[in-house]
Amino acid sequence: MNKIPPFDVSQQYQQIGDRLNKAALEVLASGQYIGGQAVSQFETEFAQYIGSNHGIACNSGTDALYLALRALDIGEGAEVITSPFTFFASAETISMTGAKPVFIDIEAHSFNMNVDLIEAAITERTKAIMPVHLFGRSVDMTKLMAIAKKHNLYVIEDCAQATGATFDGQKVGNIGDVGCFSFYPTKNLGGCGDGGMMTTNNPEVARKLHILREHGSPKRYYHEYIGMNSRLDALQAALLQVKLPYLDKWNDQRREISDRYTHLLKDANIPKLVSPHYCASSVWNQYTVCIGDGQRDQVQAQLREQNIITMIYYPLPLHLQEVYRYLNYKKGDFPVTEDICDRVLSLPMFPELREEQQQRVVSTLQNILK
Ligand SMILES: *Cc1c(COP(=O)(O)O)cnc(C)c1O
């Protein structure tokens, strides 16, 4: 049996390799490897795509989050409310600034932070909320923004898994104060290496983001802040510029694939498996099912034996991570998150996944769980 991988980033190269080669060779020949036109053009085009006034490229999604927090003066003594069910970088970057991540439980149906729990977590030290649009699906941004406004809090959107997703017709990343994106290869818009972007409509925040990503220096060798070196390589910018016009098509393909999984799983009628909740505006970075009765790990192993590779995002919630022991969370603090961590399984998902591959995934699941 052929292998069905969880993602296959080389397929995009097969589709548009000629254009990617050309763009890369142009950069190589230009000698402009840092900054320059490729970067500024991509920043403009990406910001236009999101609908934001400013796009500031950087070296990774992690750096985007860190720089956004720094640009909003979040640091020692501050608290930032986020989800415990996300990639570590969401909380890690809060800690990197010296601030404290404050977790709230998630909703089982969306896997996203339960915005109804935000207000109870707000203290006099709270400075921001960091919603994470997990697996391609937006947090309820109408409710979240109303709470942020009422309590005068900044909103930093972690859009790493949701490039192109919308909430109520607005692109994520253009709703809060700063939107943070990742171009890690398996993201919806993936580069050929690391890359990130910040979007904002606030010109002062944009200026500070520009400065912070280059050593806090508005003018070479004059420094206003302690910043860092976090630039997007010209080579990556040129490749991402080629890929950006395909993003909507690729996201549509992900939507079709998710619809097809849902129908196939419904027909397969597997009582122990719960399909993800339908969401038309999600861009389906992952198609994540829940498997009950403590069988998830065994199901994953059996799928692997059949050469179907699945992923567990995420096996251990952030509040129970070793490194956060000092925050004094304990097991049982976030029951929905903890239960979900034991049950989630992300099925193979990439725009080029074929119908017969999906059929094989579902029939294999049916056989294992019958
Ligand atoms: C990928 C990811 C990041 C970090 O992005 P990098 O580009 O890998 O640094 C942050 N948050 C979430 C939710 C992610 O999935």
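Quantities reported herein were computed from a predicted structural model and do not represent experimental measurements. (Residues numbered from 1 in each chain as written. Predicted model: local features only at pLDDT ≥ 70, side-chain atom pairs only at ≥ 80, totals over all residues. Heavy atoms only, no water.)

Draft legend 1. Molecular detail of the pairing of strand E4 (residues 126–130). Across the 5 residues of E4, 4 count as buried, placing the element largely inside the fold. Here strand E2 (residues 79–82) runs beside E4; their pairing, made up of 4 bridges, is parallel. Its bridge partner being in E4, Glu79 is matched across the sheet by Thr126. (Buried < 20%, exposed > 50% of the residue type's maximum accessible area, 1.4 Å probe, protein only. Helix = DSSP H or I, 4+ residues; strand = E, 2+ residues; numbered from the N terminus. Pairing = 2+ DSSP bridges.)

Draft legend 2. Molecular detail of helix H8 (residues 234–243). Of all 10 residues making up H8, 9 are buried, and the element is well covered by its neighbours. Within H8, burial applies to Ala234, Gln236, Ala237, Ala238, Leu239, Leu240, Gln241, Val242 and Lys243.

Draft legend 3. View of the sheet that holds strand E10 (residues 273–274). The 3 strands lie next to each other as E10-E11-E12, forming an open sheet whose pairing is antiparallel. Of all the strands in the sheet, the pair left with one neighbour each is E10 and strand E12 (344–347). Relative to strand E11 (residues 287–291), E10 runs antiparallel, the two sharing 2 bridges. Bridged to Val274 within E11 is Cys290. Strand contacts of helix H11 (residues 335–343): E11 and E12, with the helix running at about 50° to E12, the strand carrying the most contacts. (Contact = heavy atoms within 4.5 Å. Axes fitted to C-alpha atoms, helices over the stretch in contact; angles between N-to-C directions.)

Draft legend 4. Structural detail: the UniProt feature "active site" (unreviewed entry) in the protein chain. UniProt records the feature "active site" (unreviewed entry) for Lys187 in the present numbering. Looking at the element boundaries, Lys187 is found in the loop between strand E8 (178–182) and strand E9 (196–200). We classify Lys187 as buried; its relative accessible area is 15%. Ignoring any residue separated from it by four or fewer positions in sequence, one finds Lys187 in contact with Ala160, Ser182, Arg254 and Asn285. (UniProt positions renumbered as here; feature names shortened; annotations may be inferred.)

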